[in-house]
Amino acid sequence: MSTLLVSQPRYAWLRELGLQEENPGVYNGRWGGGGQVVTTFCPANNEPIARVRQGSLEDYEETVKKAKEAWKVWADIPAPKRGEIVRQIGDALRQKIKVLGSLVSLEMGKIFVEGVGEVQEYVDVCDYAVGLSRMIGGPILPSERPGHALIEQWNPVGLVGIITAFNFPVAVYGWNSAIAMICGNACLWKGAPTTSLVSVAVTKIIAKVLEDNKVPGAICSLVCGGADIGTAMARDERMDLLSFTGSTKVGKQVAVMVQERFGRSLLELGGNNAIIVFEDADLSLVIPSALFAAVGTAGQRCTTARRLVINRPGNYVEPTIVTGLPHNAPIVHTETFAPILYVLKFKEEEEVFAWNNEVKQGLSSSIFTKDLGRIFRWLGPKGSDCGIVNVNIPTSGAEIGGAFGGEKHTGGGRESGSDSWKLYMRRSTCTINYSKDLPLAQGIKFQ
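Residues numbered from 1 in each chain as written. Predicted model: local features only at pLDDT ≥ 70, side-chain atom pairs only at ≥ 80, totals over all residues. Heavy atoms only, no water.

Peer 1: What's the story with empty space enclosed by the protein in this structure? I'm lost.
Peer 2: Over the atoms, a rolling probe the size of a water molecule traces out where space has been left empty. Applying the stated criterion across every chain yields a total of one cavity of 30 Å³ or more. Volume-wise, the largest cavity comes out at about 30 Å³. Lining of the largest cavity is provided by E121, W175, A398, E399, I400, F404 and S416. Partitioned by chemical class, the residues of the lining of the largest cavity number four nonpolar, one polar and two charged. (1 Å grid on protein atoms, 1.4 Å probe; cavity = no way out; pocket = protein on both sides within 12 Å on 5 of 7 lines; lining within 4 Å. Points joined across faces, edges and corners; volume = space filled by probe spheres on them. Nonpolar A, V, L, I, M, F, W, Y, C, P; charged D, E, K, R; others polar.)

Written as structure tokens, this is what we have:
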């Protein structure tokens, strides 16, 4: 009898996601893969779940070509029609939300409710993208020249490469792909090797929707693989935008490779996030917030609270709590991707705001206070320098309607809501002369 969990009666639900003992890890309109066969394991007990045949560089080359061809079809479909297909993807995910959330829990290791919540996040982004598909566009600007129109035209960039990390194997792909698709782009996904089954299962759900709508499956391509595939994506000039989620160390390497070819990158990297508790804070909000932010997802969120800064003493439980270190200790400034929380004490507002900003990362931050003046100073130019700046809520648990991302060594990228859609498009400023004259801008007379 097979030792793989997928073949055991207790895990028969994995078959509902189309998973077998060995699964092809490449999709470009058809399933295949000629690379190494890897086994994925449950991190809770190290038991093998199933096998995935990864993609080779030859598979990658074929998939890029098919994705580029698929883009030609997808870009011609009106944006609201693209939105309708994304809506169907969201509905298909809804139908599989519990079983897919169970797979996230099994393969990644987060608790079941967080696994389901992650799939729900993809569903929510699909809903958001549907509305956005009828709203994207540029303004008509006043021209200084008579008989002229000045407009902004937004077009898809083309092929969006999406490299995701193990800790959010569904949601981060959803943030990118749903928005990229309604903008008119094709997508090529490389998930983390340790969560390859999630990548395969999600792609199977999407592929069914695309096939039912008689559009090329390569619009949402998948190549499971390791660093060789990721490096190929970073260096490939056919990759019009590369979205990378991962560590700051690897993100810096990706950024250099993309910049060497003057390509576009969207980076979501590390965070060293602080919760600051002032003397007037409501402890009934602080305690559950600090707990969730510090230990949720086993401390493996990029928005996990790493620093708890207080101006009065309290009682904490080891081993996840470290006290007695100075605010500028090297270990305090290092992102440890684990539920380790450094507790610091401060005296003045200006001091603690500076402590928040002195780390290299700039992802998420939060203060707990009832002082309105302090709240707006925190939100202002001398307050937090992070991309996510919260008040009386944790550093983690962002909504999809706002732009998600951070500054400095976090990479500067923005995904999901607000105007993040602009990163997946290229802007042209267009001047149309509908007169019989040819006046020049700035009143220049060229005679």
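That covers the picture; the talk isn't over yet.
Peer 1: Please clarify how the packing of aromatic side chains should be interpreted in this entry.
Peer 2: Think of a pair of aromatic rings as described by two things: how far the centres are apart, and how the planes are tilted against each other in angle. Evaluation of the coordinates by the stated rule reveals ten aromatic pairs. Each ring, one from Y173 and one from W189, has its centre 3.8 Å from the other, and the planes form 10 degrees; the classification is stacked. Here Y173 is found in helix α5 (residues 171-182), whereas its partner W189 is found in strand β9 (residues 186-190), with 16 residues between them in sequence. Exposure remark for W189: the relative accessible area of 0% places this residue in the buried category. Between F278 and F353 the ring centres are 6.4 Å apart and the planes differ by 90 degrees, which places this aromatic pair in the edge-to-face class. Of this pair, F278 sits in the loop between β13 (273-277) and α9 (283-295) while F353 is found in helix α10 (residues 349-357), placing the two residues 75 residues apart along the sequence. In terms of burial, F278 and F353 fall into one category: buried. The ring of W31 carries K204 above its face, with NZ or CZ at 4.6 Å from the centroid. Sitting over the ring of F278, R374 keeps its end group 3.9 Å from the ring centre. (Phe/Tyr/Trp six-rings, centres within 6.5 Å; stacked < 30°, edge-to-face > 60°. Helix = DSSP H or I, 4+ residues; strand = E, 2+ residues; numbered from the N terminus. Buried < 20%, exposed > 50% of the residue type's maximum accessible area, 1.4 Å probe, protein only. Lys NZ or Arg CZ within 6 Å of the ring centre and 35° of its normal.)

Peer 1: Please explain helix α8 (residues 248-260) as it appears in this structure.
Peer 2: Along an α-helix, a turn takes 3.6 residues, which lines up residues three or four apart on a common side. An ideal rise of 1.5 Å per residue puts 18 Å on 13 residues; α8 measures up with 18 Å between its terminal C-alpha atoms. Here α8 has its buried residues at T248, G251, V254, M257 and V258. In this fold, the buried residues of α8 make contact with α7 (227-235), β11 (241-245) and β12 (264-268). Downstream of α8 by one or two residues, F262 has phi in the positive range, about 55 degrees. (Expected span 1.5 Å × (residues − 1). Contact = heavy atoms within 4.5 Å.)

Peer 1: It is not clear to me how the environment of T304 should be interpreted in this structure. Could you clarify?
Peer 2: For T304, the location among the structural elements is in the loop between α9 and β14 (305-310). For T304 and S364, which are 60 residues apart along the polypeptide, the C-alpha to C-alpha distance reads 8.5 Å. Those residues in contact with T304, other than ones at most four positions away along the chain, are N273, A293, A294, G296, G299 and T395.

Peer 1: Which parts of the structure should I look at to understand the packing of helix α2 (residues 79-95) against helix α4 (residues 112-132)?
Peer 2: Describing two packed helices takes the angle between their axes plus the distance from one axis to the other. Viewed as axis vectors pointing N to C, α2 and α4 meet at an angle of 160 degrees, and their least axial separation amounts to 8 Å. The orientation of α2 relative to α4 falls into the category roughly antiparallel. The crossing of α2 and α4 is left-handed. Facing G83, V86, R87, I89, G90, L93 and R94 of α2, the residues of α4 in contact are V119, Y122, V123, C126, D127, A129 and V130. By residue class, the composition of the contact of α2 with α4 is nine nonpolar, two polar and three charged. (Axes fitted to C-alpha atoms, helices over the stretch in contact; angles between N-to-C directions. Parallel < 35°, antiparallel > 145°, perpendicular 65-115°, else oblique. Left-handed = near helix turned anticlockwise from the far one by under 90°.)

Peer 1: Teacher, can you tell me more about the pairing of strand β19 (residues 388-391) here?
Peer 2: If a strand is regular, its side chains alternate between the two faces of the sheet. Only one face of β19 is covered, namely the one carrying I388 and N390; the face carrying V389 and V391 has none of its residues buried. Once you follow strand β18 (residues 364-368) into helix α11 (residues 372-379) and on to β19, the crossover reads as right-handed. (Right-handed = clockwise from strand over helix to strand, strands pointing away.)

Peer 1: Got a minute to help me understand unusual backbone geometry in this structure?
Peer 2: Note on backbone geometry: most residues besides glycine have negative phi, and most peptide bonds are trans. Positive phi, close to 55 degrees, is recorded for T297, a residue that is not glycine. With respect to the helices and strands, T297 occurs in the loop between α9 and β14. The phi angle at Q442 is positive, at roughly 65 degrees, despite the residue not being glycine. On the secondary structure map, Q442 appears in the segment after β23 (425-433). By relative accessible area, which is 63% here, Q442 ends up exposed.

By themselves, these observations are geometric and do not establish any function.
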